[in-house]
Amino acid sequence: MRSAPETEGVVAPGRILARAHRVLRPRTPEEVAEVLAGARAEGLGVVVMGGGRGLPPLAPERPFLVLSTAALSGVDVYEPGDLTFTAGAGTTLGDLEDRLGTEGQWLPLDPPGGRERTLGGVVASGLGGPLQAGFGAIRDQVLGVTVVTGDGRILRLGGRVMKNVAGFDLVRLFVGSAGRLGVVVSASLRVFPRPRARRVLLLEGAADGLPREELLQAARAVSTAPVVPAAAVLLRRPAEEVLVVRLTGSEPVLDADQARLEDAVGHAFRTAVHPERWMQRMAGRIGDDRAFGVRQRGLPASLPERWTAWVTAAPAATLHVDVLGGLLRAHLPPDAVDETMLRRLRGMARGDSAPVLFDSVPEGREELLERRRWGMPVGGAGSGGADGTTVLERRLQEVFDPHGTLAPTEYAR
Amino acid sequence: MGPDHVVADPARLLVYESDGLTQYRQAPLAVVLPGTTDELVEVVRAVHGEGIPVVPRGAGTGLSGGALPVEGSVVVGTARLNRILALDPENRLARVQPGVVNSRLGVEARRHGLHYAPDPSSQSACTLGGNVAENSGGPHCLKYGVTSRYISGLTVVLGGGAVVELGGAARDPATGLDLVGLFVGSEGCFGIATEIEVRLLPLPGGVRTLLGIFASVEDAARAVTGIVAQGLLPAALEIMDGASIRAVEASVYAAGYPTDAGAALVVEFDGTDAGLDEDVARAVACCREAGATDVQHTDDEGQRTRLWQGRKKAFGAMGRIAPDLLVQDATVPRTRLPEVLEEIMAIGARYDLHVANVFHAGDGNLHPKILFDRSDADELARVERASREMMQVCVDAGGTITGEHGVGVDKQKYMRLVHGEEELAAMSAVGGAFDPRGLFNPGKVLPEPEPA
Ligand SMILES: Cc1cc2nc3c(=O)[nH]c(=O)nc-3n(C[C@H](O)[C@H](O)[C@H](O)COP(=O)(O)OP(=O)(O)OC[C@H]3O[C@@H](n4cnc5c(N)ncnc54)[C@H](O)[C@@H]3O)c2cc1C
Ligand SMILES: Cc1cc2nc3c(=O)[nH]c(=O)nc-3n(C[C@H](O)[C@H](O)[C@H](O)COP(=O)(O)OP(=O)(O)OC[C@H]3O[C@@H](n4cnc5c(N)ncnc54)[C@H](O)[C@@H]3O)c2cc1C
């Protein structure tokens, strides 16, 4: 099923801008529609960019312009008593954090990449980080979105209420649509009261800690324990393996939860002295031009098996696994990846159900990656179901972007 | 499929003529009750092959006419598709057939120390297929969220009998569109869910229930505002007004709520036991500050049932007072609750209708209940007019026309209060992507296009 590797048009996130015909920053939904119409008239595709921190690495093959949401920013409505806000797509998570913090509230999202990520980028990518385990996925926090479809219609979907079943749920469709159906210009989300206290627990493996087998068992025990932590991540650098668990609540709750987790795990945790530092590491590393970045989802119970397989296949890799959510992310230094390694990494894929996606590619190494267009059947252990899904996705794309103006950047497989 | 599972006898078809919203009735051509996915596929293929529409049906407890037969349709019931296919405590997942009753999954999960969070008040009867189609909520959805949060994968039968696998717990959102999220809430218009993968949660370590009695709904609503402002996140925050209290106390379900009260507020906290007493103490203080005349709380299971009794039985109790009962459903931003409630009661008074309110105060989800007698044509007309005005009030307050019961046939007429023509056209086109021939539950949810 795989086509021969193509190198043309392959660029990493930082280099997408360099290939763009131009970068436009519309300020209103109407201006977004104008940009889309203008691009179509010129025969250009449109890459939608928020903070640019999470753009899949492969640029479109055809000529394109970049639509930046930077000027669609600002908090429009914030009702602390309703636990909701509405803000422009270009609003950064950093600004939101500051604003919500003044009312003792927060957005429990921790995607990798710092305060420069945008609300639109997080909503459109549908990726929210390990805190989703404890607080719900980003798709569950989005109450409404205003979007401009690929063909320029402005749609106001959902609303600002907690429960809403007035018609088909197009809000869900746009969460995670990653610039394939339209441009998210603003979004309404629910927020949470900021926890009274938090604690980061550590359990070390590797050199001066538990044998790997036991550390993996401990990680599994955390995900089947009677307490659901806010987040739990297993981290690896070549000389370090550590299980990191984040708890939230009041002090007595933290004590009790820690005791119950230790009971389930059979080991005592160490309390992190610098929780902020660990929380940043839990969020994970953002893609950069200096490493090969790979992601693979799997069920939580497959963690020990997958961990061992990845450590064996790529001993030089740093690993980051969301213990509760099942997402594994690996980063490899450029010199550790050659054709053989690449084949090995691809060999880790389990057909459609657990593909291996390259989400970052170092400068000058694009030729190693073959191109896979979004929307094509992935092959491998493909079931009839995958084809049916592809047909549905294609039809939905035709509904919102009938002229194919949007040209999303893509992950490599 | 044997004749036992194909119903065409008019007498036996009677029970399928309506769902929980009994003012709409329509006999289907036939009802078919497949016992396996293969039979379901066969049925859909055969019926669609004749160009005949299919209306999916779970337990028929829906309150918006979702499972109401369309004229000239075949109803496909899931009553025999009622197996729990797998329960996987290691991954906290279950895979079930659509006819599995909500509370039965709860019972099975409990054996593993787990639970299925969405708990519609109809949970002892309604099915997971119906819950998926309606994206149902329940009293505990304030903290836990509604059905869609717990559905990780679906196997669906589409038009002509094509079977498609959507999502799956291990699916990476980076690989494509969230078709599961889109299917949830599609009210039987996209296809039939034949297997449902749900997420389970560990049972909470402890539970505390608190009942506050207030002189007025406004006071109770102020207590709710205070609780939220404290940064507390209860599992449930439910209010019933004086009219509802008196209906319950006059019924066989009497729960011992004082009949001269203006409102009762049920607050429930769950989670790690060590933190609950402090949460309760803070909530009690909020109630007292808002003028509660009485506050009781408990951690005892039996007492808990008693405190909930009035809230849980309100619907049944009211059903006994009048020949007909219309349960309205709308959501408003929580901070607007007091004024919206006041306006709703004023509308009821203006149309000389008996209105009582029981609602999920935490999510701003209102359920005004209108008692009436259908055989009184004038009263029926007043119910219609009052309902529309109530919807308008909620929409004007920044809310919406349904929070959990769905649009079905009952709320199509209100869809233009919240959606523009572009949005409606987009919904219709998305429906067409799943069901190009329009043979699943046609004519539901979306209103007729505006005459040009
Ligand atoms: C190498 C790498 C690995 C990552 N791994 C993870 C991970 O494991 N877990 C995780 O949670 N996150 C991950 N991310 C995602 C990243 O953290 C988020 O996508 C990021 O928060 C997006 O914010 P941004 O503003 O930078 O968006 P951008 O990077 O600008 O855009 C992200 C995606 O959304 C689209 N987009 C952006 N804004 C809009 C809009 N307004 N309307 C429509 N489409 C839009 C873009 O086209 C792009 O597809 C990863 C990112 C990278 C680069
Ligand atoms: C006393 C009472 C209390 C209630 N409390 C609540 C509550 O607290 N919260 C709440 O949200 N709702 C509540 N409801 C409404 C109702 O119970 C829910 O909407 C429930 O989910 C319907 O399930 P059902 O199996 O009865 O579905 P049905 O009524 O049979 O069908 C509902 C819709 O689902 C479709 N459908 C059914 N099965 C499938 C399937 N397998 N695939 C695709 N479509 C399907 C039907 O076509 C129809 O459109 C209550 C109802 C009653 C009578």
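Procedures and definitions
- Residues numbered from 1 in each chain as written.
- Chains lettered and ligands numbered in written order.
- Predicted model: local features only at pLDDT ≥ 70, side-chain atom pairs only at ≥ 80, totals over all residues.
- Heavy atoms only, no water.
- Helix = DSSP H or I, 4+ residues; strand = E, 2+ residues; numbered from the N terminus.
- Rg over C-alpha atoms; globule rule 2.2 N^0.38 Å.
- Contact = heavy atoms within 4.5 Å.
- Areas by Shrake-Rupley, 256 points an atom, 1.4 Å probe, with all protein chains shown as cover.
- Lys, Arg positive; Asp, Glu negative; His and termini not counted.
- Charge placed at Lys NZ, Arg CZ, Asp CG, Glu CD.
- Near = heavy atom within 4 Å.
- Polar contact = N/O pair within 3.5 Å; in protein donor to acceptor, adjacent residues only side chain to side chain.
- Nonpolar A, V, L, I, M, F, W, Y, C, P; charged D, E, K, R; others polar.
- Phe/Tyr/Trp six-rings, centres within 6.5 Å; stacked < 30°, edge-to-face > 60°.
- Buried < 20%, exposed > 50% of the residue type's maximum accessible area, 1.4 Å probe, protein only.
- pLDDT = per-residue confidence, 0-100.
- Domains from an automatic or database assignment.
- Buried area = accessible area lost by both parts, 1.4 Å probe.
- Salt bridge = Lys/Arg side-chain N within 4 Å of Asp/Glu carboxyl O.
- Arc of directions from axis to C-beta.
- Patch = residues over 30% accessible without salt bridge, like charges linked within 9 Å, V, L, I, M, F, W, Y side chains within 5 Å.
- Pairing = 2+ DSSP bridges.

Caption draft 1: Representation of the overall build of chain A. The helix and strand inventory of chain A stands at 13 helices and 18 strands. Taken over C-alpha atoms, the radius of gyration comes to 21 Å for chain A, in line with the 22 Å a tight globule of 413 residues would show. In terms of principal-axis extent, the alpha carbons of chain A reach across some 65 × 55 × 40 Å. Intrachain contacts of chain A at a sequence separation of at least 6 include 73% that bridge at least 24 residues. Approximately 15100 Å² of chain A is accessible, and the part contributed by carbon and sulfur atoms is 50%. Side chains of chain A carry 50 positive and 49 negative charges; the gap between the two charge centres is 1 Å.

Caption draft 2: Here's a closer look at the site of ligand 1. Residue and element names in this part refer to chain A. Around ligand 1 sit 35 residues in total, of which V48, G50, G54, T118 and R329 are the nearest. Take V48: an N or O atom from its main chain is 2.5 Å from an oxygen atom of ligand 1. One of the side-chain N or O atoms of T118 is found 2.5 Å from an oxygen atom in ligand 1. In isolation ligand 1 has 960 Å² of accessible area, and contact with the protein removes 98% of it. Counting residues per element, the shell around ligand 1 draws most heavily on helix α4 (residues 119–125), which supplies five residues. Residue composition of the shell around ligand 1, by class: 15 nonpolar, 15 polar and five charged.

Caption draft 3: Broad picture of the packing of aromatic side chains. Residue and element names in this part refer to chain A. With the rule as written, the count across this model stands at nine aromatic pairs over all chains. Relative to F400, the ring of F174 lies with its centre 5.2 Å away and its plane at 80°, an arrangement referred to as edge-to-face. Linking F174 in helix α7 (residues 170–174) with F400 in helix α13 (residues 384–400), this pair joins segments that are 226 residues apart in sequence. For F174, a relative accessible area of 0% translates into the label buried. Plain terms: the ring middles of F292 and F358 are 6.5 Å apart, the flat faces sit at 80° to each other, and that makes the pair edge-to-face. Pair noted here: F292 is in strand β15 (residues 292–297) and F358 is in strand β18 (residues 357–360), with a separation of 66 residues, a long-range link.

Caption draft 4: Structural detail: the confidence of the model for chain A. Residues and elements named next belong to chain A. For chain A, per-residue confidence averages 87 on the pLDDT scale, and 90% of positions sit at 70 or higher. Ignoring residues within four places in sequence, the model shows residues 1–12, a span with pLDDT below 50, making 33 contacts including any to other chains. Every residue in residues 372–385 scores below 50 in pLDDT, and together they form 33 contacts with partners more than four places removed in sequence or on other chains.

Caption draft 5: Inspection of the domain arrangement of chain A at higher detail. All names here are of chain A. Taken domain by domain, chain A consists of domain 1 (197–283) and domain 2 (292–374). Relative to domain 2, the C-alpha centre of domain 1 lies at a distance of 24 Å. Counting residues at the interface gives 20 residues for domain 1, matched by 19 residues for domain 2. Both sides together, the interface formed by domain 1 and domain 2 hides about 1500 Å², and carbon and sulfur atoms give 66% of it. Taken together, the connections running from domain 1 to domain 2 amount to zero salt bridges. Inspection of the domain 1/domain 2 interface yields seven residue pairs in polar contact (both at pLDDT 80 or more). If you list the elements that add at least two residues to the side of domain 1 that touches domain 2, you get α8 (212–224), β12 (231–237), β13 (240–249) and α10 (275–283). Broken down by element, the residue count for the side of domain 1 that touches domain 2 peaks at seven residues, all from β12. Each residue belonging to the side of domain 1 that touches domain 2 can be placed in one class, and the counts come to 13 nonpolar, one polar and six charged.

Caption draft 6: Representation of the site of ligand 2 in the model. Residues and elements named next belong to chain B. Taken together, the neighbourhood of ligand 2 is formed by 33 residues, with P56, G58, T61, S122 and T127 sitting nearest. One nitrogen or oxygen atom from the main chain of G130 is found 3.4 Å from an oxygen atom belonging to ligand 2. Contacts to ligand 2 include N131, whose side-chain N or O atom sits 2.8 Å from an oxygen atom. Top contributing element to the shell around ligand 2 by residue count: helix α4 (residues 128–134), with five residues. Its residues assigned to classes, the shell around ligand 2 shows 11 nonpolar, 18 polar and four charged.

Caption draft 7: Molecular detail of helix α3 (residues 93–101) of chain A. All names here are of chain A. Of the residues making up α3, those classed as buried are L93, G94, L96 and L100. For α3, the angular spread of buried residues about the axis comes to 160°, placing them on one side. For α3, the elements touching its buried residues are β4 (75–79), β5 (84–88), β6 (105–106) and α4.

Caption draft 8: Region of interest: a negative patch on the surface. Residues and elements named next belong to chain B. Among the surface-exposed residues, E218, E342, E343 and D396 lie close enough to one another that they form a single negatively charged patch. In this fold, D396 is placed in helix α12 (residues 377–396). Looking at D396, the relative accessible area reads 56%, which means it is exposed.

Caption draft 9: Quick peek at the pairing of β5 of chain A. Residue and element names in this part refer to chain A. Counting buried positions along β5 yields five of five residues, so the element is predominantly enclosed. Every second residue of β5 is oriented toward a common face, with T84, T86 and G88 on one face and F85 and A87 on the other, all of them buried. Relative to β5, β4 runs antiparallel, the two being bridged by four bridges. What sits directly across from V75, in β5, is A87. If you look at the hairpin formed by β4 and β5, you'll find four residues sitting between the two strands, and L83 has a positive phi there, around 60°.

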